[in-house]
Amino acid sequence: MSISHEFDYRRPGSLEEAHELLREAGDGAALLAGGTDLVAWLRDGVVLPSLVVDLKGVPGLGEIVESGGSISLGALVTFADAIDSEVIRGRLPLIWEMARVMGSTGIRNRATISGNICSGVPSCDSGPVLLVLEAVVRVSAPGGEREAPINDWFKGPKKTDLRSGEIVVGLSIDAPGEGHGACYVKLRRNRGEDLAQAGVAVLALPDMSYRVAFGAVAPTPVRARRIESCLAGRHMDDAALVEAVGLVTEETSPIGDIRASLEYREHMLPVMLTRALRAAAARRDGDGPAYGTSLI
Amino acid sequence: MKREITLNVNGEEWTVAVAPNETLLEVLRDRVGIKSPKIGCERGDCGSCTVILDGKTVRSCLVLAVEADGHGVLTVEGLSRDGITGLQQAFLDKNSFQCGFCAPGVILTASELLAKNPHPSEHEVKEALAGNLCRCTGYTPIIDAVLEVAERGGVEDDG
């Protein structure tokens with residue numbers, strides 16, 4: 001099926017030019033990075049822009065830069081770029097682990113991490129991972145740049161904090177440093193490519209605090225603050241795990257859909273959380289499974 | 001709102017007038033006459049429309065033709081212009097394909113894998129090919145063929 005909707009296409013050579021185009025097109029503009037969501041949505045007719053603004057002509061957005069303790073991922077950094085990056089693998093292994101289970105080779109070569117959070121679907125793999133890393137979304141607005149905390153980014157299914165006329169130019173993440181452990185567990189219908197039926201991200205910090213987030217089991221990716229409070233300062237023993245698992249129903253609101261029934265999601269969340277917590281804590285303590293090992 | 005774009009397809013320069021809502025897949029098949037990328041799911045799931053764009057496999061159903069302006073596309077037609085590759089011969093030897101609909105995508109994805117990682121493990125082969133769906137073979141003869149090429153030293157002899 002061809003794309004029946006007609007639109008204009010521009011590939012600006014600078015951010016200024018991109019903002020100019022957005023100003024002219026108003027709410028009729030759609031931003032294009034990797035296109036793996038946008039082109040599918042154009043074909044389905046769920047987005048009907050008058051103008052598609054391709055960011056791939058804007059210089060400098062494709063880089064992964066480490067500066068001090070902070071790592072910056074430009075808006076055009078793809079999942080494949082993240083997998084191939086020594087900086088990501090060494091400093092943000094949670095992103096590396098997540099990127100390897102997002103989509104398939106041909107999707108990872110094109111899809112961008114920033115685009116993933118701009119699409120803002122509840123099952124986006126980047127969501128829970130960036131939530132526990134407390135990433136900052138760098139947004140270029142007509143009047144200048146603003147920094148949007150990822151924890152306030154997701155407003156609803158496909159709804160984000162990105163406002164009219166704004167462009168995401170990248171993500172900034174403070175690396176959790178040596179001695180942290182992390183884990184992303186993704187449940188899917190097959191080992192190859194699938195959207196998440198459920199996702200759990202855990203960050204275990206050297207001070208024995210934890211950050212936990214879920215994907216695909218609420219209208220947006222969600223941070224699990226009650227679980228974090230319950231686990232703060234504790235070793236990941238059976239008692240801690242039982243208490244954490246007991247809070248899952250308070251932190252999530254899964255539904256049944258074409259990818260998984262409600263009952264299946266409810267059954268699997270405690271299993272996934274337990275394994276993710278154990279693996280993240282063990283990785284912090286230096287004896288966990290290698291990053292990238294499938295835990296489910 | 002058609003505009004002229006220039007594509008390098010399998011080493012040949014093509015100038016084509018396209019509308020912004022035409023996909024790379026449609027332009028390759030209907031204008032350039034390259035038929036190996038197949039129209040399958042048209043939503044990026046099946047992998048049958050795979051082409052290599054600037055050295056990386058992409059879903060040509062999810063790329064607008066205008067995005068590819070000035071870029072290089074490689075398909076199976078270009079890959080085997082000077083005869084089939086060692087990988088393709090291994091697929092033949094193992095009877096890897098039945099209907100053949102997935103074959104171009106599988107060949108390109110496996111070629112990309114072997115170029116990047118000449119000696120992949122079975123797990124790595126399965127991971128790389130996970131986005132190329134085959135409904136005939138159960139994948140075993142496909143994976144066997146890629147592993148055979150990997151064992152005899154990758155794709156150096158593929159020219």
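Residues numbered from 1 in each chain as written. Chains lettered and ligands numbered in written order. Predicted model: local features only at pLDDT ≥ 70, side-chain atom pairs only at ≥ 80, totals over all residues.

**Student:** What am I meant to see in the overall build of chain A here?
**Tutor:** Scanning chain A from N- to C-terminus turns up 12 helices and 14 strands. For 296 residues, the compact-globule formula gives about 19 Å, and the C-alpha radius of gyration of chain A, at 19 Å, lands near that figure. Dimensions of chain A, computed from the C-alpha atoms along their principal axes, are close to 60 × 45 × 30 Å. When burial is assessed residue by residue, chain A has 51% of its 296 residues classed as buried. When contacts within chain A are restricted to residue pairs at least 6 apart in sequence, those whose partners lie at least 24 apart make up 63%. (Helix = DSSP H or I, 4+ residues; strand = E, 2+ residues; numbered from the N terminus. Rg over C-alpha atoms; globule rule 2.2 N^0.38 Å. Buried ≥ 20, exposed ≤ 12 C-beta atoms within 10 Å, placed from the backbone. Contact = placed C-beta atoms within 7 Å.)

**Student:** Would you mind showing me how to read the domain arrangement of chain A here?
**Tutor:** By a widely used convention, the size of an interface equals the accessible area lost when the partners come together. Residues and elements named next belong to chain A. Along its sequence, chain A is carved into domain 1 (8–57), domain 2 (64–174) and domain 3 (181–284). Relative to domain 2, the C-alpha centre of domain 1 lies at a distance of 19 Å. Per-element accounting of the side of domain 1 that touches domain 2 gives the leading share, 5 residues, to helix α1 (residues 15–25). Residue classes in the side of domain 1 that touches domain 2 are distributed as 6 nonpolar, 4 polar and 4 charged. (Domains from an automatic or database assignment. Nonpolar A, V, L, I, M, F, W, Y, C, P; charged D, E, K, R; others polar.)

**Student:** Is there a simple way to think about the packing of helix α3 (residues 86–93) of chain B against helix α6 (residues 140–151) of chain B in this case?
**Tutor:** Packed helix pairs are specified by the crossing angle of their axes together with the interaxial distance, meaning the distance between the axes. Residues and elements named next belong to chain B. Where α3 contacts α6, the two axes come as close as 9 Å, and the packing angle between them is 135°. Between α3 and α6, the crossing angle belongs to the class labelled oblique. Note that α3 runs across α6; the crossing there is right-handed. Across the interface between the two elements, Gly-86, Leu-87, Ala-90 and Phe-91 from α3 touch Ala-145, Glu-148 and Val-149 from α6. For the contact of α3 with α6, the residue count by class is 5 nonpolar, 1 polar and 1 charged. (Axes fitted to C-alpha atoms, helices over the stretch in contact; angles between N-to-C directions. Parallel < 35°, antiparallel > 145°, perpendicular 65-115°, else oblique. Left-handed = near helix turned anticlockwise from the far one by under 90°.)

**Student:** Explain the interface of chain B and chain A to me, please; I cannot follow it from the model alone.
**Tutor:** Across the contact, 23 residues belong to chain B and 25 residues belong to chain A. It is strand β4 (residues 56–59) of chain B that provides the largest number of residues to the side of chain B that touches chain A, a total of 4 residues. Across the side of chain B that touches chain A, the residue classes tally to 9 nonpolar, 8 polar and 6 charged.

**Student:** Is there a simple way to explain the domain arrangement of chain B in this structure?
**Tutor:** Residues and elements named next belong to chain B. Taken domain by domain, chain B consists of domain 1 (3–79) and domain 2 (86–153). Measuring from the centre of the C-alpha atoms in domain 1 to the corresponding centre in domain 2 gives 22 Å. Going through the elements one at a time, β3 (50–53), β4 and α2 (76–79) are the ones with two or more residues in the side of domain 1 that touches domain 2. It is β3 that provides the largest number of residues to the side of domain 1 that touches domain 2, a total of 3 residues.

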